[in-house]
Amino acid sequence: MKNKNWVNLFIAILLYIPMGFLQVNIDYRRKLEDLEARLLLMPGQVAGSLVLGGFRGVAADLLWLNIEDLWHHGHTHKLLPLFESVAWLQPRYITVWAVGGWHMAYNIYATLEDEKEKKYWYEQGVSFLKKGIAYNPEQYDLYFELGWTYYNKGEDYSNAVKYLEKAVKFPAPDYVKSLLAHAYENNEQVDEAVQQWTKVLDTGFKPIAQRALISLKTDGAFTPKRRTRLGLDKET
Amino acid sequence: MGKVWVIASNTFREALRKKTLYILLVVALVAIGTSRFFSFLAAQDELKMIKDVSFATIEFFGAILAIFTAIGAVSGEIEKKTIYTLLSKPITRRNFILGKFVGQSLIILLNAVLISLFFIGLLISKKAVPDIEIYKSLLLIYVELLMIGSITLAVATFATDAFNIIFSFFLFIVGNLTVYFKQLVDRTENIVFKGLGEMVRTVIPNYENFNIRDQVVVGVSVSWKYIGQTTLYGLIYITIAVLIGIYFFQKREV
């Protein structure tokens, strides 16, 4: 009986060998499937202790509630480290990148008077969205957000085209496809705009696509901004 | 096998009689229920919070239940002196430990299933049909809880209850911190410390392996290969813990 008992301990120790190999495989898969947790050193408070307990999701949620609270009280600048923290804790949480980029490029931008400062926050928003894309490259969402920010806020149409072209490579709503057509036109790629509107004919944006194609074929312009630029419409 | 089942069903019935299970269950359900207060958020954010809170609750309260059920499994029988009757019958000590483990696994399962059903019901009430990823995460949490229970049971065969409580909670926290430990080991250049570090990391239960919920709540898909490997890891660790438990219980003077 006594000898047999040693077998239990021996088998237990022996089992650590396959388990060690298995752990190497698991580590590899965690890296491959982007399941690895990231180290958070700031900000401490409640979030810090929860992260240590393995409850990163709840920690990220508490920080997100903090963001909501600060936003509604108008403390826009205090939001930034919180956005970084939530994004760091859960980098696949697309909303935080999208909302963070929007806050920087739009909301903080709108509160400023100085043009240099405005430019700075617009670039911060763009850079935050690009960082988000690095973590989430296989979904249309952040390509669209960045494309829209370039198109609408920066009026940087070549970059808008660049990112919207990437967005439409993934399953995306119809408005993404129609925005790309607008971006092509504003970037003076009228032929590409016509081709894109033709594709949009198969979507829920068909009536707009039909008007756009007629307008482009008759006047060579459709989007209000470009029509104004070309002197086809008066500026409103 | 029949003898193991007798011990298992007794352990299960005994655990059902204790108030701990019901108190933990009610607190866990209340904790999950409070996530409904996040309805002021956008629908997508609210769902994410419900999932985050629910997964954390299932794991945390499940761990408490696993630890307390396993702690009382051996010492309770000794205190009540029922162990003398049990072991004088043709029940081996191996059967006793195996039976205790199966019994506590069933009670952990019952608890996890009840809380999970409430969680899934909450999701459905929000018109969000739970996808397969949710079930994958729940499965891994259950394997993790079995691991916690088996380790606590193994320690219960040779240590006091007070030591076991502290040790098991300490291991629960440390097991969730292995990612930080790995980063430290990876940065170490000294080959001896690196080797020692890897060895320690293998011995410590790596509960972080079972954490896929941070990805699942934001809609990321986790491969079945990963689920399979991690489940196998858990089963091997459970086997090790049960064998160690049997070894020490055979040596123990009752």
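Residues numbered from 1 in each chain as written. Chains lettered and ligands numbered in written order. Predicted model: local features only at pLDDT ≥ 70, side-chain atom pairs only at ≥ 80, totals over all residues. Heavy atoms only, no water.

In terms of helices and strands, chain A carries 12 helices and zero strands. Across chain A, helices and strands are ordered from the amino to the carboxyl terminus as α-α-α-α-α-α-α-α-α-α-α-α. Counting across all 236 residues of chain A, residues that qualify as buried make up 48%. Once local pairs closer than 6 in sequence are excluded, the contacts in chain A between residues at least 24 apart make up 50%. When the accessible surface of chain A is totalled, it reaches about 12300 Å², and 58% of it is carbon and sulfur. (Helix = DSSP H or I, 4+ residues; strand = E, 2+ residues; numbered from the N terminus. Buried < 20%, exposed > 50% of the residue type's maximum accessible area, 1.4 Å probe, protein only. Contact = heavy atoms within 4.5 Å. Areas by Shrake-Rupley, 256 points an atom, 1.4 Å probe, with all protein chains shown as cover.)

Let us now look at the overall build of chain B. Within chain B, the secondary structure is distributed over 11 helices and zero strands. In sequence order, the secondary structure elements of chain B are arranged as α-α-α-α-α-α-α-α-α-α-α. The C-alpha atoms of chain B give a radius of gyration of 20 Å, which matches the 18 Å a tight globule of 254 residues would have. Principal-axis analysis of the C-alpha atoms places the extent of chain B at approximately 60 × 55 × 30 Å. Counting all 254 residues of chain B, 55% fall into the buried class. Sequence separation of at least 24 residues holds for 82% of the intrachain contacts in chain B that already meet a minimum separation of 6. Split by element, the accessible area of chain B, about 11200 Å² in all, is 71% carbon and sulfur. Distance from the positive charge centre (25 side chains) to the negative charge centre (17 side chains) of chain B: 9 Å. (Rg over C-alpha atoms; globule rule 2.2 N^0.38 Å. Lys, Arg positive; Asp, Glu negative; His and termini not counted. Charge placed at Lys NZ, Arg CZ, Asp CG, Glu CD.)

It is worth spelling out unusual backbone geometry at this point. Across residues other than glycine, the phi torsion is negative in most instances, and most of the peptide bonds are trans. Of note in this structure, Glu155 of chain A is not a glycine but carries a positive phi near 50°. Mapped onto the elements, Glu155 of chain A comes out in the loop between helix H7 (141–154) and helix H8 (157–167). Positioned with a positive phi, Lys127 of chain B is a non-glycine residue whose angle comes to about 60°. Mapped onto the secondary structure, Lys127 of chain B falls in the loop between helix H5 (93–125) and helix H6 (132–156).

In this section: the environment of Gln229 of chain B. Structurally, Gln229 of chain B is set in helix H11 (residues 224–251). C-alpha separation for the pair Gln229 of chain B and Asn209 of chain B, spaced 20 residues apart in sequence, amounts to 9.7 Å. Non-local contacts of Gln229 of chain B, meaning those with residues more than four positions away in its chain, are made with Leu22, Asn25, Ile26 and Arg29 of chain A.

The terminal C-alpha atoms of H5 of chain B, which comprises 33 residues, lie 48 Å apart, in line with the 48 Å expected from a rise of 1.5 Å per residue. Positive backbone phi, at 60°, marks Lys127 of chain B, one or two positions downstream of H5 of chain B. (Expected span 1.5 Å × (residues − 1).)

With that settled, consider the nonpolar core. With 79 residues, the main nonpolar core has Phe55, Phe96, Phe119, Ile148, Ile212 and Tyr233 of chain B as its most contacted residues. With 15 residues, H6 of chain B is the largest single contributor of residues to this core. Every residue in contact with Phe119 of chain B, bar those within four places of it in the chain, is listed here: Ile32, Ile50, Lys51, Ser54, Phe55, Ile58 and Ile134 of chain B. If you look at the next biggest cluster of nonpolar residues, it comprises 61 residues, including Tyr93, Phe144, Tyr163 and Trp197 of chain A. (Core = buried A, V, L, I, M, F, W, Y, C linked by side-chain atoms within 4.5 Å.)

Here we come to the interface of chain B and chain A. Taken together, the contacts link 53 residues of chain B with 42 residues of chain A. Across the interface of chain B and chain A, roughly 4400 Å² is buried in total on both sides, 61% from carbon and sulfur atoms. Taken as a group, Tyr180, Gln229 and Tyr247 of chain B account for 14% of the area that chain B buries against chain A, more than any other trio of residues on that side. The tally of links between chain B and chain A comes to three salt bridges. Across the salt bridge formed by Glu208 of chain B and Arg30 of chain A, the nearest N and O atoms sit 3.5 Å from each other. Run the count over chain B and chain A and you get 12 residue pairs in polar contact (both at pLDDT 80 or more). Mapped by element, the contributors of at least two residues to the side of chain B that touches chain A are helix H3 (43–79), helix H8 (178–187), helix H9 (191–203), helix H10 (213–216) and H11 of chain B. If one sorts the elements of the side of chain B that touches chain A by residue count, H11 of chain B sits on top with 16 residues. Residues belonging to the side of chain B that touches chain A are distributed by class as follows: 27 nonpolar, 14 polar and 12 charged. (Buried area = accessible area lost by both parts, 1.4 Å probe. Salt bridge = Lys/Arg side-chain N within 4 Å of Asp/Glu carboxyl O. Polar contact = N/O pair within 3.5 Å; in protein donor to acceptor, adjacent residues only side chain to side chain. Nonpolar A, V, L, I, M, F, W, Y, C, P; charged D, E, K, R; others polar.)

The subject of this paragraph is the packing of aromatic side chains. Here the structure, examined in full by the defined rule, presents 25 aromatic pairs over all chains. With a centroid separation of 5.7 Å and 20° between ring planes, the pair formed by Trp97 of chain A and Tyr135 of chain A is classed as stacked. Within this pair, whereas Trp97 of chain A is found in helix H5 (residues 94–111), its partner Tyr135 of chain A is found in helix H6 (residues 115–135), the two being separated by 38 residues in sequence. Residue Tyr135 of chain A is classed as partly exposed on the basis of its relative accessible area of 23%. Aromatic pair Phe172 of chain B and Tyr207 of chain B: ring centres 6.2 Å apart, planes at 50°, arrangement tilted. Pair noted here: Phe172 of chain B is in helix H7 (residues 161–175) and Tyr207 of chain B is in the loop between H9 and H10, with a separation of 35 residues, a long-range link. Each of the two residues, Phe172 of chain B as well as Tyr207 of chain B, counts as buried. Each member of the aromatic cluster is reached from another via a ring pair, and the members are Trp64, Phe83, Tyr93, Trp97, Phe128 and Tyr135 of chain A. In this structure, Lys48 of chain B packs its charged tip against the face of Tyr93 of chain A, placed 4.4 Å from the ring centre. (Phe/Tyr/Trp six-rings, centres within 6.5 Å; stacked < 30°, edge-to-face > 60°. Lys NZ or Arg CZ within 6 Å of the ring centre and 35° of its normal.)

These figures capture arrangement, not role.
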